[in-house]
Amino acid sequence: MLKKVTKTNQDIKETTKIKAPIVDALKTAYENPTYQFHIPGHTKGKAIFKDFKKLTGEKVLNIDTTDEFDNLGTLHPATGPIKEAQELAAEAFGAKKTFFLLNGSTAGNLALAMSLTKKGQKIIVNRNCHRSILTGLIISGAEPLWVCPNRIEDWSVWGNVDAGQIEELLKTHEDVSMVWITNPTYEGVVSDIKSISLVCKKYGVPLIVDEAHGCLWNFNKHLPETALKLGADAVVHSLHKTGGSMSQSSMLHISKDSCLDCNAVEKALKLLHTTSPSLLLLASLDAARANLQSKSGQKLLDRAIANAKYLRTRLDAIPNLHQLKSDFGYKTDVTKVFIKIDGLSGKRLESILEIDFGIEVESASDIGVLILCNLGNKRSDFKYLADALESIASTNYQDIYYLENRKHMPMLEPKIMMSLREAFYAEKETISKLDAVGRISAEVVAECPPGISILLPGELITQEHMPYLNDYEFLEVVK
Ligand SMILES: Cc1ncc(COP(=O)(O)O)c(C=O)c1O
């Protein structure tokens, strides 16, 4: 006989302290099991590969369900606890409307492009944008008008986007319908979004900010200001990257005074999203927001910032190690620590950290490695990391496999020969990379991380691209 468990007053008191409606609804569903004759067919983990069940534990399979069932509400249209959770998120982030995203910020960028841009429209986009924005533009047929941000040459990374560059483009192209900027960069370089938004307002064009890597900013005054407070119309946040939700779960916010068409965005999301949204992922978004608003979550964020400062101070004392810092003209997010050691490529440093010290960093480029100071890391983790880096910086690593000839961060100025969409849908052929110079790319070539494109459909393939294409034997080109 299935047991009915009723909520006690104590349960209610605890959950009302800081609301997390999807988490609560999932808990209630877990405690009040039904005879299940619906998807998912593993039926609360009863029909699943044993080793997998051992690995995950029973509970997680028990609550693996989708919307519509167990009074959990629906995602499209948002109803019940899901609707309430989205509203609470909007309130927490200071947005008019927040959409929970499955398939990450990628889904948010695709929905924004599909709903707000049209074939032939010109959209100002920073060249180092994530490939999801490009995919969105291929779908809609809008034309990117590239803005190449400043380059931080010593570090081989893209820097900030200048408001002046945006204004120049808006002055010379009267038909621009939107500005779409990524902020911060993967390595934590921050652009002056306030100035960019003022320029956009002056020219009457909406501003979208891909703040995938900045979802914590809203919750601590020692971090940069979120674009939602600086005049952006729409912002995407990968809560799963740094905000504490589960992989793949993100949010899309429409700002309070934006005139963007929320209904159109919602319709596009409905088309893009799975029709079986994972309640686990949705609950994790609800939980991440609640956690960031809670006292304990705020303590974790304070700790992450203090840890980042501790790490940076330790790294400053290592003579041949350098860290990317705020500089004249740009700021950085203190929790993203991009470092390099003289004489080692980033890829090589990454492999030494992993093989000799069991440390995994966020990513590595030809120059350096990116360390994220996360909510979940303890001070002892940073002590271990700083000790390891001290040791590496004072050791001769000649014996380690050499990884120096690869380039990973595309820093190229595009030579555009055809429109993005036209080239993507053109007749194509696959040719050896060795024969590709002088041909027009028909595909998006963008490795993750950081998902920034090496080549886009419609771009001329040049000798300059070759160091970035080590892992490619063949390329798809326009016939
Ligand atoms: C700037 C930027 N935007 C969007 C995305 C896509 O995010 P998600 O992985 O949440 O789909 C990424 C992913 O790395 C990114 O770096």
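Residues numbered from 1 in each chain as written. Predicted model: local features only at pLDDT ≥ 70, side-chain atom pairs only at ≥ 80, totals over all residues.

Ile22, Ala111, Trp180, Ala232 and Leu282 are the most contacted members of the largest nonpolar core, which has 129 residues in total. When residues of this core are assigned to their parent elements, the largest contribution, nine residues, is made by helix 12 (residues 279-293). The residues touching Leu282, leaving out its near neighbours within four places in the chain, are Ile22, Leu75, Ile82, Phe100 and Pro277. (Core = buried A, V, L, I, M, F, W, Y, C linked by C-beta atoms within 7 Å. Buried ≥ 20, exposed ≤ 12 C-beta atoms within 10 Å, placed from the backbone. Helix = DSSP H or I, 4+ residues; strand = E, 2+ residues; numbered from the N terminus. Contact = placed C-beta atoms within 7 Å.)

Glancing now at unusual backbone geometry. Here the amide bond leading from Ile39 into Pro40 is cis, since omega sits at -5°, within 30 degrees of zero. Locating Pro40 in the fold gives a position in the loop between helix 2 (21-31) and helix 3 (50-56). Cis geometry is adopted by the peptide bond preceding Pro77, which originates at His76 and carries an omega value of -5°. Its location among the elements puts Pro77 in the loop between helix 4 (58-62) and helix 5 (80-93). Unusually for a residue other than glycine, Lys44 sits at a positive phi of about 55°. Its identity is not glycine, yet Asp70 carries a phi of approximately 55°, on the positive side. If you trace the backbone, Asp70 turns up in the loop between helix 4 and helix 5. Take Asp70: there are 20 C-beta atoms within 10 Å of it, and that puts it in the buried class.

Another point: the domain arrangement of the protein chain. Domain boundaries in the protein chain define domain 1 (1-74 + 276-293), domain 2 (103-272), domain 3 (301-393) and domain 4 (420-478). Here domain 1 and domain 3 have C-alpha centroids that lie 37 Å from each other. (Domains from an automatic or database assignment.)

Within the secondary structure layout, Ala288 lies in helix 12. In this structure, the C-alpha to C-alpha distance between Ala288 and Gly244, residues 44 residues apart in sequence, is 5.3 Å. With residues up to four places along the chain from it excluded, the contact list for Ala288 reads Leu239, Gly243, Gly244 and Ser245.

Right, let's get into the environment of Phe338. For Phe338, the location among the structural elements is in strand 13 (residues 336-341). Dropping the residues within four chain positions of it, Phe338 is found in contact with Trp155, Glu187, Gly188, Gln323, Leu324, Gly368 and Leu370.

Let's shift gears to the sheet that holds strand 2 (residues 122-126). Taken in spatial order, the seven strands line up as 1-10-9-8-6-2-3 in an open sheet, and their pairing is mixed. In this open sheet, the two strands that pair with only one neighbour each are strand 1 (95-101) and strand 3 (143-147). Neighbour-to-neighbour, the strand axes of the sheet open up by a mean angle of 20°, direction not taken into account. Across the sheet, helix 9 (residues 193-203) is in contact with strand 6 (176-182) and strand 8 (207-210); its angle to strand 8 comes to roughly 155°. (Pairing = 2+ DSSP bridges. Axes fitted to C-alpha atoms, helices over the stretch in contact; angles between N-to-C directions.)

Turning our attention to the sheet that holds strand 14 (residues 363-364). Reading across from one edge, 11-13-15-14 is the order of the four strands in this open sheet, with antiparallel pairing throughout. Because the sheet does not close on itself, it has two edges, and the strands there are strand 11 (321-323) and strand 14. Inspection of the sheet shows strand 13 paired to strand 15 (residues 369-372) by four bridges, in the antiparallel sense. Across the sheet, the residue bridging to Lys336 is Leu372, located in strand 15.

Quick look at the packing of helix 8 (residues 163-172) against helix 9 now. At a minimum axis distance of 8 Å, the contact between helix 8 and helix 9 shows a crossing angle of 15°. When the interaxial angle is binned, helix 8 and helix 9 end up roughly parallel. Between helix 8 and helix 9 lies a crossing of right-handed hand. Residues Ala163, Ile166, Glu167 and Leu170 of helix 8 form the contact with helix 9, whose participating residues are Ser195, Ile196, Val199 and Tyr203. (Parallel < 35°, antiparallel > 145°, perpendicular 65-115°, else oblique. Left-handed = near helix turned anticlockwise from the far one by under 90°.)

To continue, consider the site of the ligand. Around the ligand, a shell composed of 14 residues is seen, among which Gly104, Ser105, Thr106, His130 and Ala212 lie nearest. Considering each element in turn, the shell around the ligand owes the most residues, three residues, to helix 6 (residues 104-116). For the shell around the ligand, a count of residues per class yields four nonpolar, nine polar and one charged. Looking at which domains feed residues into the shell around the ligand, each of domain 2 (103-272) and domain 4 (420-478) supplies at least three. (Near = placed C-beta within 6 Å. Nonpolar A, V, L, I, M, F, W, Y, C, P; charged D, E, K, R; others polar.)

Moving on, we get to the pairing of strand 16 (residues 428-432). For strand 16, a buried count of zero out of five residues is recorded, marking the element as mostly open to its surroundings. Sheet topology places strand 16 next to strand 17 (residues 474-478); five bridges connect them, and they run antiparallel. Pairing of Ser432 across the sheet is with Phe474, part of strand 17.

Turning next to helix 5. When the terminal C-alpha atoms of helix 5 are compared, their 20 Å separation across 14 residues agrees well with the 20 Å that a helix rising 1.5 Å per residue should span. For helix 5, the full list of buried residues reads Pro81, Ile82, Ala85, Gln86, Leu88, Ala89, Ala90 and Phe93. Directly after helix 5, the chain includes Gly94, whose backbone phi takes a positive value near 75°. (Expected span 1.5 Å × (residues − 1).)

To continue, consider the packing of helix 6 against helix 11 (residues 262-272). Interhelical geometry of helix 6 versus helix 11 gives an angle of 125° and a closest axis separation of 8 Å. Comparing their axes, helix 11 and helix 6 come out oblique. Handedness of the crossing formed by helix 6 with helix 11: right-handed. Counting all contacts with helix 6, which are made through Ala107, Leu110, Ala111, Leu112, Met114, Ser115 and Leu116, the residues of helix 11 involved are Ala264, Val265, Lys267, Ala268, Leu269 and Leu272. Split into classes, the residues belonging to the contact of helix 6 with helix 11 amount to 11 nonpolar, one polar and one charged.

The topology assignment puts Phe93 in helix 5. With 22 C-beta atoms packed within 10 Å, Phe93 lands in the buried category. Considering only alpha carbons, one finds Phe93 and Phe219, 126 residues apart in sequence, at a separation of 8.5 Å. Ignoring anything within four residues of it in the chain, the contact list for Phe93 reads Thr98, Asn218, Leu228 and His253.

What follows covers helix 13 (residues 295-316). For helix 13, spanning 22 residues, the distance from its first C-alpha to its last is 31 Å, which sits close to the expected 32 Å at 1.5 Å a residue. Taken as a whole, helix 13 has its buried residues at Gly297, Leu301, Ala304, Asn307, Ala308 and Leu311. Viewed end-on, helix 13 has its buried residues packed into an arc of 120°, placing them on one side of the element. The outward face of helix 13, more than 90 degrees from its buried face, is lined by the exposed residues Lys295, Ser296, Lys299, Thr313 and Asp316. Packing partners of the buried residues in helix 13 comprise helix 12, strand 13 and helix 15 (379-393). (Arc of directions from axis to C-beta.)

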